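Fold and contact review
Residues per chain, in single letters:
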Amino acid sequence: MSTSIHDSLFARVIVFKHNKKKLIFVSCDIIGYYDDIYLYYQKKIIKKYKLDPSELFLTATYTHSGPLLTVSDNVNESINYKYTKELLNILIELIQEAIENMNPVEIGIGRGSSPVAVNRRLMNIYGYGWPDDGGLVKIGRNPNGIVDKEVLVLKIGYYSANRQIYILSDYK
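A few points on the structure. Owing to the predicted nature of the structure, the values given are computational and were not obtained by experimental measurement.

1. Topic: the pattern of salt bridges
- Evaluated as defined, the whole model comprises 3 salt bridges.
- For Arg-12, the salt bridge goes to Asp-29, with nearest N and O atoms at 2.9 Å. Taken as a pair, Arg-12 in strand 1 (residues 11-18) and Asp-29 in the loop between strand 2 (21-28) and helix 1 (37-49) lie far apart in primary sequence, 17 residues in all.
- Classification of Arg-12 by relative accessible area gives partly exposed; the value is 28%.
- A salt bridge links Asp-52 to Lys-21, with the shortest nitrogen-to-oxygen separation between them at 2.7 Å. Taken as a pair, Asp-52 in the loop between helix 1 and strand 3 (56-60) and Lys-21 in strand 2 lie far apart in primary sequence, 31 residues in all.

2. Quick word on the side chain of Thr-63
- The topology assignment puts Thr-63 in the loop between strand 3 and helix 2 (78-100).
- Polar side-chain contacts of Thr-63 include one of 3.0 Å to the side chain of Ser-65.
- Ignoring any residue separated from it by four or fewer positions in sequence, one finds Thr-63 in contact with Leu-9, Asp-29, Ile-30 and Ile-31.

3. With respect to the sheet that holds strand 3
- With mixed pairing, 3 strands are arranged side by side in an open sheet as 1-2-3. Of all the strands in the sheet, the pair left with one neighbour each is strand 1 and strand 3. Put simply, the sheet's adjacent strands are angled 10 degrees from each other on average, direction ignored.
- Contacts from helix 2 reach strand 1 and strand 2 within the one sheet, and its direction differs from that of strand 1 by about 40 degrees.

4. Considering helix 1
- Taking 1.5 Å as the rise per residue, helix 1 with 13 residues should run 18 Å; its terminal C-alpha atoms sit 18 Å apart, in good agreement.
- Where helix 1 is concerned, the buried positions are Ile-37, Tyr-40, Tyr-41, Gln-42, Ile-45, Ile-46 and Tyr-49.
- Tucked into the core, helix 1 has its buried residues touching strand 3 and helix 2.
- Of the residues trailing helix 1, Lys-50 is marked for its positive phi of about 50 degrees.

5. Describing the packing of helix 1 against helix 2
- Orientation of helix 1 relative to helix 2, taken along the N-to-C sense of each, is 40 degrees, at an axis distance of 11 Å. In the crossing of helix 1 with helix 2, the sense of the turn from one axis to the other is right-handed. Touching Ile-37, Tyr-40, Tyr-41, Lys-44, Ile-45, Lys-48 and Tyr-49 of helix 1 are Thr-84, Lys-85, Leu-87, Leu-88, Leu-91, Ile-92, Ile-95, Gln-96 and Ile-99, all from helix 2.
- Across the contact of helix 1 with helix 2, the residue classes break down as 11 nonpolar, 2 polar and 3 charged.

6. Observations concerning helix 2
- In this model helix 2 runs 33 Å from its N-terminal to its C-terminal C-alpha over 23 residues, within 8% of the 33 Å that 1.5 Å per residue would give.
- Regarding helix 2, the residues found buried are Thr-84, Leu-87, Leu-88, Leu-91, Ile-92, Ile-95, Ala-98 and Ile-99.
- Elements that come into contact with the buried residues of helix 2 comprise strand 1, strand 2 and helix 1.

7. Concerning the side chain of Asp-29
- Its relative accessible area of 14% is what places Asp-29 among the buried residues.
- Within the structure, the side chain of Asp-29 is placed 2.9 Å from the backbone nitrogen of Phe-10, a separation counted as a polar contact.
- A distance of 3.0 Å separates a polar atom in the side chain of Asp-29 from a polar atom in the side chain of Thr-61.
- Beyond its immediate chain neighbours, meaning those up to four positions away, Asp-29 contacts Leu-9, Phe-10, Arg-12, Thr-61 and Thr-63.

8. Looking at the packing of aromatic side chains
- Within this structure, the stated rule accounts for 5 aromatic pairs.
- Here Tyr-33 and Tyr-38 contribute two aromatic rings whose centre-to-centre distance is 5.9 Å and whose plane-to-plane angle is 90 degrees, an arrangement assigned as edge-to-face.
- Tyr-38 sits in the partly exposed class, given a relative accessible area of 27%.
- Judged by centre distance (6.1 Å) and plane angle (70 degrees), the rings of Tyr-33 and Tyr-41 are edge-to-face. Both residues of the pair, Tyr-33 and Tyr-41, count as buried.
- Members of the aromatic cluster, joined through ring pairs, are Tyr-33, Tyr-38, Tyr-40 and Tyr-41.
- Geometry around Tyr-49 places Lys-48 over its ring, the cationic atom sitting 5.9 Å from the centre.

Rules used in this analysis
- Residues numbered from 1 in each chain as written.
- Predicted model: local features only at pLDDT ≥ 70, side-chain atom pairs only at ≥ 80, totals over all residues.
- Heavy atoms only, no water.
- Salt bridge = Lys/Arg side-chain N within 4 Å of Asp/Glu carboxyl O.
- Helix = DSSP H or I, 4+ residues; strand = E, 2+ residues; numbered from the N terminus.
- Buried < 20%, exposed > 50% of the residue type's maximum accessible area, 1.4 Å probe, protein only.
- Polar contact = N/O pair within 3.5 Å; in protein donor to acceptor, adjacent residues only side chain to side chain.
- Contact = heavy atoms within 4.5 Å.
- Pairing = 2+ DSSP bridges.
- Axes fitted to C-alpha atoms, helices over the stretch in contact; angles between N-to-C directions.
- Expected span 1.5 Å × (residues − 1).
- Left-handed = near helix turned anticlockwise from the far one by under 90°.
- Nonpolar A, V, L, I, M, F, W, Y, C, P; charged D, E, K, R; others polar.
- Phe/Tyr/Trp six-rings, centres within 6.5 Å; stacked < 30°, edge-to-face > 60°.
- Lys NZ or Arg CZ within 6 Å of the ring centre and 35° of its normal.

Rendered as structure tokens:
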């Protein structure tokens, strides 16, 4: 069990509005929304802000250093249960703050590539298992494997102030 904080974890929210529809993106430094957590958070947030489920996107940065979210108040998971409840309250506050502070923005998109990706699936070309685990695929560096080098970027900013407020990138 952790006894201190090594690095802070963050949550980020951005809200778009067009006519009466909203689009809310929430990103948290957690490994993911497992079990019923996504539906639990989604239900609470869409009820609070009167959203359609399609107006809310909950995403995770896939960090291994954060707590695992849980809705179980089992004694062995009580710290994570508290964190799950606290994080939901923080997200609700962040969403409210983002809604109250919306401003017109400009959105731009871009595409590029990065040479740093590597395929990590070593294939056993002989069709029989590795001596140590009996599998056909092993984790390692496969310089001949397929790699997606594409980098997609979404930039959101205030045009008049020439100030960027948010960048979203997708790189595998």
